[in-house]
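Given next are the chains, with one letter for each unit.
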Amino acid sequence: MEQNRILIFDTTLRDGEQSPGASLNVHEKVEIAHQLAKLKVDVIEAGFPVSSPAQFEAVKRIAEEVDAIIAGLSRASEKDIKAAADALVSAPRKRIHTFSSTSDYHILGKFGHPRYGATLEEKRKTIIQMSHDAVAYAKTFTDDVEFSAEDAGRTDIGYLAEVIETAIAAGATTVNIPDTTGYTLPFEYGKKIAELKKRVSNIDKAIISVHCHNDLGLAVANSIAAIENGARQVECTINGIGERAGNASLEELVMALNVRKDLLNYFTKINTQEIFNTSKMVSAFTGMMVQRNKAIVGENAFAHESGIHQDGVLKSRETYEIMTPESVGINTNKIVLGRHSGRHGLKVRLEQLGYKIKEEELQHVYDAFTELADKKKEVFDDDLRMLMGDEIQKRDETYELTYLQIHAGTNSIPNAVVRIKTNERVFEEAATGDGPVDAVFNAIERALNIKSELESYQVRSVTSGRQALGEVLVRIRSGERSFTGRGISTDIIEASAKSYLSALNQKVLHLKETQIISENEKVSEVI
Ligand code: KIV
Ligand code: ZN
């Protein structure tokens, strides 16, 4: 590999999906993986196959369909590694990514049981052996094995060097040094990478990878410091989503390398013009909105508000812009479809936005599109993204809203009637509430004989104008887990009803995945 090439390992579908409330179904993951391939990431970490049947299925489908190195995560155990190998079996280029915990915090916390050793010293030895065995076993399935030392950021450098040397001796071709808790500072993390280069005798036999979390807002800065000290793979996610405060954001890292070539003499193979589409797709499918002032992909990233700035940019863009919106795929000439646009025009535009649409689905999206175009004349890209999100979400739908009637007014008690269809039967109920949304939720709960704890309810307009599509995101809690639903409509009460049902659909999927209910059982009797 060229000396200055930085490999981009995207973990949106694994670490990114671990963001609270960001669950993706299999179809959404496959769609995102295709877009990541178009963005030209080097490695797609598609999931953690042993963790659930749906994770396994997603990794398997991505391995079958998508052209990139496909990675599956596994702990340092034979069961996990075998599951990853099985899920990846049909990938022409596959990677097994296995990890062990190495910091004292993790060792004492996760490996506290005496079977791992009576003292910290003994436990450390056990972990070295487990890491060795895990890499050696993974090697029986593929040559491309990555080993991660979890919480390396807080791991003693001497011990870390020993673990990494062992992993490379066992056959690891990439060694990852995660700052799992986002604790380190750039100069400290850079030094850690430099130290490993000095101390690990076989380090030249593997690529050094970094994986930074953003708890102190330093994930991208830390990744750059690591590159400057010898790391040649960076793990990141689209929009920086991930556990807690997230992971290093792919778009920020890649554009920092591009824009500051003068000081950072490295390059990636990323097609930066696909950044915006990818960001939008991930945001629409995960329901995780991108903050307006987010670098590179936020709505304000290229907006100039003050008169002085506007004047400066009009005279010469470089006055206040260090990169162009076009360079990240933001098209300033917005293409607008309308009621006279045909199926072909719609298909072409959806493909340009990064969606791989099947012929049989095109008709559904086209029907939704014409219905929307009748209501609001101009249909924007963001509307199309929402329609696609809705279509993909429907593939796993258990509950479908087929009828909704609302009565609400200044001096009346709001009431709602809903009709909900499943494969087995139709449910119909009416209820009152404090407001129309409450009435709808009460009617749904009555119809299905359930009660959920509503954790959050958000509504936003997808585009501007009075007839804009409204998107409602609902998060409900059930025991330890939360489920997020998304609904769209030009009527926000209808969007609310759809969103609540979509959250229930997620919950049913989860119950099926964890095999708490079988496919034939009546879901309404279980949830
Ligand atoms: O943050 C972390 O340490 C991880 C590892 C599993 C690579 O996500
Ligand atoms: Zn992580």
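Residues numbered from 1 in each chain as written. Chains lettered and ligands numbered in written order. Predicted model: local features only at pLDDT ≥ 70, side-chain atom pairs only at ≥ 80, totals over all residues. Heavy atoms only, no water.

Let's talk about the overall build of the chain
Looking only at helices and strands, the chain features 17 helices and 14 strands. Relative to the compact-globule value of 24 Å for 527 residues, the chain shows a C-alpha radius of gyration of 25 Å, a close match. Contacts in the chain between residues far apart in sequence, at least 24 positions, make up 64% of those at least 6 positions apart. The positive charge centre, built from 64 side chains, and the negative charge centre, built from 77, are 1 Å apart in the chain. (Helix = DSSP H or I, 4+ residues; strand = E, 2+ residues; numbered from the N terminus. Rg over C-alpha atoms; globule rule 2.2 N^0.38 Å. Contact = heavy atoms within 4.5 Å. Lys, Arg positive; Asp, Glu negative; His and termini not counted. Charge placed at Lys NZ, Arg CZ, Asp CG, Glu CD.)

Some details on the coordination of the zinc ion (ligand 2)
The coordination sphere of the zinc ion (ligand 2) contains the protein donors Asp15 (OD), His211 (NE2) and His213 (NE2), at a distance range of 2.0 to 2.1 Å. Along the chain, the residues donating to the zinc ion (ligand 2) fall in the pattern D-x195-H-x1-H. This pair shows no difference in class: His211 is buried, exactly as His213 is. (Donors = N, O, S within 2.8 Å, 3.2 Å for Na, K, Ca; no water. Buried < 20%, exposed > 50% of the residue type's maximum accessible area, 1.4 Å probe, protein only.)

Remarks on the domain arrangement of the chain
The assigned domain composition of the chain is domain 1 (7-286) and domain 2 (394-513). Computed over C-alpha atoms only, the centres of domain 1 and domain 2 are separated by 37 Å. Contact residues are listed per partner, giving 11 residues for domain 1 and eight residues for domain 2. Here domain 1 and domain 2 share an interface that buries about 820 Å² over both sides, 39% of which is from carbon and sulfur atoms. (Domains from an automatic or database assignment. Buried area = accessible area lost by both parts, 1.4 Å probe.)

Brief notes about the sheet that holds strand β10 (residues 415-421)
The strand order across the open sheet built from three strands is β9-β10-β11, with neighbouring strands paired in antiparallel fashion. Whereas interior strands pair on both sides, the edge strands pair on one side only; in this sheet they are β9 (400-407) and β11 (426-432). Averaged over all pairs of adjacent strands, the angle between their axes in this sheet comes to 10°, without regard to strand direction. Two strands pair when backbone bridges link them, and β9 and β10 are joined in this way by seven bridges, in the antiparallel orientation. Paired with His407 across the strands is Asn415, a residue of β10. Set on the sheet, helix α15 (residues 436-448) makes contact with β9, β10 and β11; between it and β11 the angle comes to about 140°. Contacting β9 and β10, helix α16 (residues 492-513) crosses the sheet at an angle of about 140° to β9. (Pairing = 2+ DSSP bridges. Axes fitted to C-alpha atoms, helices over the stretch in contact; angles between N-to-C directions.)

A look at the side chain of Thr142
Along the polypeptide, Thr142 turns up in the loop between α5 (120-139) and β5 (145-150). Residue Thr142 is classed as buried on the basis of its relative accessible area of 10%. A polar atom in the side chain of Thr142 sits 3.0 Å from the backbone nitrogen of Asp144. Not counting residues up to four positions away in its chain, the partners in contact with Thr142 are Lys94 and Ile96. (Polar contact = N/O pair within 3.5 Å; in protein donor to acceptor, adjacent residues only side chain to side chain.)

Quick look at the packing of aromatic side chains
Following the criterion strictly, the structure yields six aromatic pairs and no others. Residues Phe285 and Tyr355 carry aromatic rings whose centres are separated by 6.2 Å and whose planes lie at 70° to one another, so their mutual orientation is edge-to-face. Taken as a pair, Phe285 in helix α10 (residues 275-286) and Tyr355 in the loop between α12 (343-352) and α13 (359-376) lie far apart in primary sequence, 70 residues in all. What makes Tyr355 buried here is its relative accessible area of 1%. Among the aromatic side chains, those forming a connected cluster through ring pairs are Phe441, Tyr457 and Tyr500. Sitting over the face of the ring of Tyr159, Arg124 holds its NZ or CZ atom 4.5 Å from the ring centroid. Lying over the aromatic face of Tyr105, Arg154 brings its terminal NZ or CZ to 4.0 Å of the ring centre. (Phe/Tyr/Trp six-rings, centres within 6.5 Å; stacked < 30°, edge-to-face > 60°. Lys NZ or Arg CZ within 6 Å of the ring centre and 35° of its normal.)

As for the nonpolar core
It is characteristic of soluble globular proteins that their nonpolar side chains tend to be buried jointly. Grouped together as the largest cluster of nonpolar side chains are 114 residues, with contacts concentrated most on Ile8, Ile44, Ile70, Ile164, Ile177, Leu346 and Leu384. Per-element tally for this core: the top contributor is helix α6 (residues 157-170), with nine residues. Both domains that meet at this core, namely domain 1 (7-286) and domain 2 (394-513), each give it at least three residues. Sequence-distant contacts of Leu384, defined by excluding residues within four places in its chain, comprise Leu337, Leu346, Arg349, Leu350, Leu353, Phe369 and Val379. Residues Phe427, Tyr500, Leu501 and Leu504 belong to the second largest nonpolar core, which totals 28 residues. (Core = buried A, V, L, I, M, F, W, Y, C linked by side-chain atoms within 4.5 Å.)

Comments concerning the sheet that holds strand β13 (residues 470-478)
Across the sheet, three strands lie side by side as β12-β13-β14; this open sheet has antiparallel pairing. The sheet terminates laterally at β12 (453-461) and β14 (481-489), the two strands that pair on one side only. Direction aside, neighbouring strands of the sheet carry axes that sit 15° apart on average. For β12 and β13, the ladder comprises eight bridges, and the chain directions are antiparallel. If you follow Leu454 over to β13, its bridge partner there is Ile476. Strands in contact with α16 are β12, β13 and β14; relative to β14, the strand with the most contacts, it is inclined by about 145°.

Thoughts on the environment of Asn25
Within the element layout of this structure, Asn25 appears in the loop between β1 (7-10) and α1 (26-39). Of the residues examined, Asn25 reaches a relative accessible area of 6% and is grouped as buried. Each C-alpha atom of the pair Asn25 and Thr184 lies 34 Å from the other, and the pair is 159 residues apart in sequence. Every residue in contact with Asn25, bar those within four places of it in the chain, is listed here: Ile392, Gln393, Asp396 and Leu509. A distance of 3.1 Å separates a polar atom in the side chain of Asn25 from the backbone nitrogen of His27.

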